[in-house]
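What follows is each chain in one-letter form.
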Amino acid sequence: GSREALFAFAQTVIDASRVGALVLMPNPFYQIYEGAALLAGAEPFCVNAVAANGHAPAWREVPEAVWARAQLVYVCSPDNPTGRVTTADEWAFLFDMSDRHGCVIAADECYSEIYFDEARPPVGALAVAQARGRAGFPRLVSFGSLSKRSNAPGLRSGYVAGDAALLKAFLLYRTYHGSAMSPAVATASVAAW
């Protein structure tokens, strides 16, 4: 699934030697975001998503001083537990903050293929980035999983896509951390994807 990748990715992009390293995450959040931040040597910073604003994380209310310390931003879309989809305007704002402050965006899109309206699938981070002309997906990586989409959590099969330089560092880390899929699981994953 994407859980291991979401965790390992933080280990490759966080520079704990920079004093005050922060990882921004929506609140409520997937516990792996917090654990990844702490074990990478960063402090989690929760961005509340409340019913009054349609359960949208209040990214625009994050102080500039916090953005300046942010090294990684986790965004879950469609989110858990509400199923709310990050809008193209919200992605654009996050891209602007990434450009301004150099933070990396981890788009947790493991629920992207579960939605109610077949005529309106959720818009993903990579699609919005491409539509905005963000060639090469700078500082953006999307994560997906068979766990939710195919009801196959035991396979632990997922994908990452986005900024090639970030993926190169991530692949190097994954080469030495974690375990490879067995041939049977890899074959089943190929069929499911």
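Everything here concerns the structure above.
As the structure is a prediction and not an experimental result, all values here were calculated from the model.

1. A word on unusual backbone geometry
For step 1, the next point in the chain: At the junction of Asn27 and Pro28, the peptide bond is cis and its omega measures out at 15 degrees in the coordinates.
For step 2, the next point in the chain: Secondary-structure assignment places Pro28 in the loop between β1 (22-27) and α2 (31-39).
For step 3, the next point in the chain: The omega torsion across Ser77 and Pro78 is -10 degrees, close enough to zero to call that bond cis.
For step 4, the next point in the chain: The topology assignment puts Pro78 in the loop between β3 (70-76) and α4 (88-101).

2. Section: the pairing of β1
For step 1, the next point in the chain: Burial of β1 is extensive: 5 of the 6 residues sit out of reach of the surface.
For step 2, the next point in the chain: Inspection of the sheet shows β1 paired to strand β2 (residues 43-48) by 6 bridges, in the parallel sense. Counted as the bridge partner of Leu24 is Phe45 from β2.
For step 3, the next point in the chain: Where the polypeptide runs from β1 across α2 and back to β2, its parallel neighbour, the crossover connection is right-handed.

3. Some thoughts on the environment of Ala51
For step 1, the next point in the chain: Turning to its location among the elements, Ala51 is positioned in the loop between β2 and α3 (64-69).
For step 2, the next point in the chain: When the C-alpha atoms of Ala51 and Thr82 are compared, they prove to be 9.6 Å apart, with 31 residues separating the residues in sequence.

4. Some remarks on the packing of aromatic side chains
For step 1, the next point in the chain: In this structure the tally under the stated criterion is 6 aromatic pairs.
For step 2, the next point in the chain: Residues Tyr30 and Tyr33 carry aromatic rings whose centres are separated by 5.9 Å and whose planes lie at 85 degrees to one another, so their mutual orientation is edge-to-face.
For step 3, the next point in the chain: The exposure class of Tyr30 is partly exposed, given its relative accessible area of 29%.
For step 4, the next point in the chain: Judged by its relative accessible area of 1%, Tyr33 falls in the buried class.
For step 5, the next point in the chain: Residues Trp67 and Phe93 carry aromatic rings whose centres are separated by 6.1 Å and whose planes lie at 75 degrees to one another, so their mutual orientation is edge-to-face. Pair noted here: Trp67 is in helix α3 and Phe93 is in helix α4, with a separation of 26 residues, a long-range link.
For step 6, the next point in the chain: Here Trp67 falls in the buried class, since its relative accessible area comes to 1%.
For step 7, the next point in the chain: Taking the relative accessible area as the measure of exposure, Phe93 reaches 15% and is therefore buried.

Rules used throughout
- Residues numbered from 1 in each chain as written.
- Predicted model: local features only at pLDDT ≥ 70, side-chain atom pairs only at ≥ 80, totals over all residues.
- Heavy atoms only, no water.
- Helix = DSSP H or I, 4+ residues; strand = E, 2+ residues; numbered from the N terminus.
- Buried < 20%, exposed > 50% of the residue type's maximum accessible area, 1.4 Å probe, protein only.
- Pairing = 2+ DSSP bridges.
- Right-handed = clockwise from strand over helix to strand, strands pointing away.
- Phe/Tyr/Trp six-rings, centres within 6.5 Å; stacked < 30°, edge-to-face > 60°.

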